[in-house]
Structure formats: structure tokens, C-alpha cells
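# Summary of structural features
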Amino acid sequence: MARTVWYPGHMARGGRKLAELIEKLDLIIEVRDARAPFSTSSPLLAKFKKIRPVLSVLSKSDLADPDITKLWLDKLENSYAVNLKQDKGVSKLKRDLLARKPAHRELRLAVMGIPNVGKSMLLNALAGKAQAQVGGIPGVTRSVSWYKNNGLLIVDSPGILDPHSEPGVHQALSWLGCARADILTGGFEAAALELINYLNSKNLLNKVLSKWDLDLNNFNLNASYEILDLIGRRLGCLISGGAVNTELAGKRFLDAFASGKLTPVSLETP
Ligand SMILES: Nc1nc2c(ncn2[C@@H]2O[C@H](COP(=O)(O)OP(=O)(O)OP(=O)(O)O)[C@@H](O)[C@H]2O)c(=O)[nH]1
Ligand SMILES: [Mg+2]
């Protein structure tokens, strides 16, 4: 059946659990991807921010344009940029959290956000040890769990998407690894073609692909299928007879883009 959203049962369950425990928390950390802080904001926060204070963490700042991340930090209240791969930006966040800790008990907080933005990795950085499971595919954390260390009692939660998103929204989130392109209509190929079109419309395609040393001079950059075919040849995604397996090429291109193996770019400005 054609699907335009990815919303497995653990997302609905996780949302209900978080709603049940929200009153027990002192504050919420919302993690968003620094490359697209608008599109990667959590659908739960509209309701929860009326109940508890929210700090916004822009994760994966190493994969975003630093000048654009600065603009986002100016725009978003109580916001922090972190690069968890190199442990940058976490100590300031930790200091600010501990300044809010009640004298007689731990500070209680929950890390929330859409899938694969780095919630569990941030929790581990704050708690000071690897406690929560981290992984490069969306949907690694499937339940709500508490972790305690360093004066913090932190809830890790599953990445939760909006089940009522317009068609195309989850596909665009798959570019950043936040949704599963493979279970959406058109699969990896369709998502990769849309990403190529989008990057081209923002004049970012040449920049993003520069590491792969592709000769794009003779290509019409609007012909996204030809570009995907070229990427597939460069990556050796061939089937018998020498044709390109465009589904595999799409997957490899999306994986490389999402995980920052290509040139870092920001997709959204404030
Ligand atoms: N380059 C880079 N990668 C990061 C950063 N933070 C997290 N990652 C990577 O992002 C991926 C997802 O991290 P997780 O912490 O599992 O993300 P999550 O939000 O808990 O994901 P779910 O549990 O699936 O919702 C992993 O491959 C991490 O290594 C960062 O600051 N920079
Ligand atoms: Mg997780």
C-alpha cells in the first residue's frame, strides 16, 4: 500500500508515555538537526511547551554550515548547538542544567525529538557514560526509560514523527536520516531524486557532491535521474548488463548525505 508517513506503533506508545510523565519533569530538551531546525522540530512540543520549559539543542552542528547555525541560535530562545562526535557544546549545556537543579534532588528532564537526531547520544554525553543505545538508523530507541547520573535524572524517548504530516514531509525528513525512505512510496530512488532536485534548487548540488569528484559539466543539473545514474556509476551500483541499480544508488547517496560523508550544508535558514 502507498504510504506517505512512517508511524510505527512504538511512536504512538512513546507519545502517550511522555504525556503521562510530563508533570513529573522540571524541563524538556528538544533535539533538532542543526541542518534543518525547522523541519526537524518535534510535533509533541507545541503541546508540551505550555506545560514545561524547553531548551532547544541543535545537534550534528559539525554537519551544518556554522554561519547559518549562528543565525538559528539567535532566533531560537534557550538554544544550544552541539557536535557530539567531538564533544563540543555539551559542557555549557550541562552547566546551565545543573544551575537549575533543585538542592534536595536531581533535575528531572526528558530528551525528546524526531528520530535519529541524536537524543540518546546527547543523553549519554550529559549522563557522562554510555547508557542509552545509539544507532545510525531511525527508530533505535523504542521505549521511554530513565537514566540517572551527575545530578540529572534523564528520560530517553523514541523519536516521534507527526502521523498527520502532508505527503512528502517524511520523505524530506528521510534525507537527514529521520524517517525511513524505504517504507515510503517510491523508496530510496524517489527520495534521492527529490533531494537532488532540492539541492539543485538551492544551488547546493555541486557543493554537496564535490567530494565525489563527479564531472557534472556535461549534465543538465535539472535532470535528477541522470545525476542519480552518474552517482550510481561512481559508487559501482550496477546490475548485469551495466545498468545502474538506482534504488541502491539512492540508498547510498541518502546514507552518505545523512551521515555527513558529503560536504556539510544547511538546508534551512531562519
Ligand atoms: N556527525 C554527528 N553525528 C551525530 C551527532 N549526534 C548524533 N550523531 C549520530 O546520529 C545517529 C543517531 O544518534 P542517536 O543518539 O541514536 O539518535 P536518536 O535521536 O536517539 O535516534 P532514535 O532513538 O532512533 O530516535 C548516530 O549515528 C550518531 O552517531 C553529532 O553531533 N554529529
Ligand atoms: Mg535514541
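Residues numbered from 1 in each chain as written. Chains lettered and ligands numbered in written order. Predicted model: local features only at pLDDT ≥ 70, side-chain atom pairs only at ≥ 80, totals over all residues.

### A few points about the nonpolar core
- If you look at the biggest cluster of nonpolar residues, it comprises 64 residues, and the most contacted ones within it are Val-111, Leu-122, Ala-192, Leu-195 and Leu-254.
- At six residues, the largest contribution of residues to this core is made by helix 7 (residues 187–201).
- Both domains that furnish three or more residues to this core are identified here as domain 1 (9–156) and domain 2 (186–258).
- Ignoring sequence-local partners within four residues, the contact set of Ala-192 consists of Leu-228, Gly-250, Phe-253 and Leu-254. (Core = buried A, V, L, I, M, F, W, Y, C linked by C-beta atoms within 7 Å. Buried ≥ 20, exposed ≤ 12 C-beta atoms within 10 Å, placed from the backbone. Helix = DSSP H or I, 4+ residues; strand = E, 2+ residues; numbered from the N terminus. Domains from an automatic or database assignment. Contact = placed C-beta atoms within 7 Å.)

### A short note on the sheet that holds strand 6 (residues 152–156)
- One open sheet accounts for six strands, arranged 3-2-1-4-6-5; its pairing is mixed. Two strands close off the open sheet at either side, each with one partner strand: strand 3 (79–81) and strand 5 (145–149). Ignoring which end each strand starts from, the neighbouring axes of this sheet average 25° apart.
- Relative to strand 4 (residues 107–112), strand 1 (residues 27–33) runs parallel, the two being bridged by four bridges. Across the sheet, Glu-30 pairs through a bridge with Met-112, a residue of strand 4.
- The sheet strands contacting helix 3 (residues 66–75) are strand 2 (54–59) and strand 3, and the helix crosses strand 3 at an angle near 160°. (Pairing = 2+ DSSP bridges. Axes fitted to C-alpha atoms, helices over the stretch in contact; angles between N-to-C directions.)

### Notes on the domain arrangement of the chain
- Taken as a whole, the chain is organised into domain 1 (9–156) and domain 2 (186–258).
- The gap between the C-alpha centroids of domain 1 and domain 2 is 33 Å.

### Comments concerning the pairing of strand 1
- Strand 1 sits mainly inside the fold: six of its seven residues count as buried.
- As paired strands, strand 1 and strand 2 are joined by six bridges and run parallel to one another. What sits directly across from Ile-29, in strand 2, is Leu-55.

### Points about unusual backbone geometry
- One non-glycine residue with positive phi stands out, namely Lys-60, at about 55°.
- Position of Lys-60 among the secondary structure elements: in the loop between strand 2 and helix 3.
- Judged by the 28 C-beta atoms lying within 10 Å of it, Lys-60 falls in the buried class.
- For Asp-213, which is not glycine, the phi dihedral falls at a positive 55°.

### Examining the site of ligand 1
- Within the structure, ligand 1 sits among 26 residues, and Gly-118, Ser-120, Met-121, Thr-141 and Gly-159 are positioned closest to it.
- Top contributing element to the shell around ligand 1 by residue count: helix 5 (residues 119–127), with three residues. (Near = placed C-beta within 6 Å.)

### Regarding helix 9 (residues 224–234)
- Residues of helix 9 that are buried: Ile-227, Leu-228, Leu-230, Ile-231 and Gly-232.
- Residues of helix 9 that are buried make contact with helix 7 and helix 10 (246–258).
- Looking one or two places after helix 9, you find Gly-236, whose phi comes out positive at around 70°.

### Side note on the pairing of strand 6
- Where burial is concerned, most of strand 6 is hidden: four out of the five residues are buried.
- Sheet topology note: the strand 4/strand 6 ladder contains five bridges and is parallel. Each bridged residue has a counterpart across the sheet, and for Val-111 the counterpart in strand 6 is Asp-156.
- By the bridge criterion, five bridges tie strand 5 to strand 6 in an arrangement that is antiparallel. Paired with Tyr-147 across the strands is Ile-154, a residue of strand 6.
- Remark: two residues form the turn of the hairpin made by strand 5 and strand 6, two consecutive strands paired antiparallel; Asn-150 in that turn has positive phi of roughly 55°.

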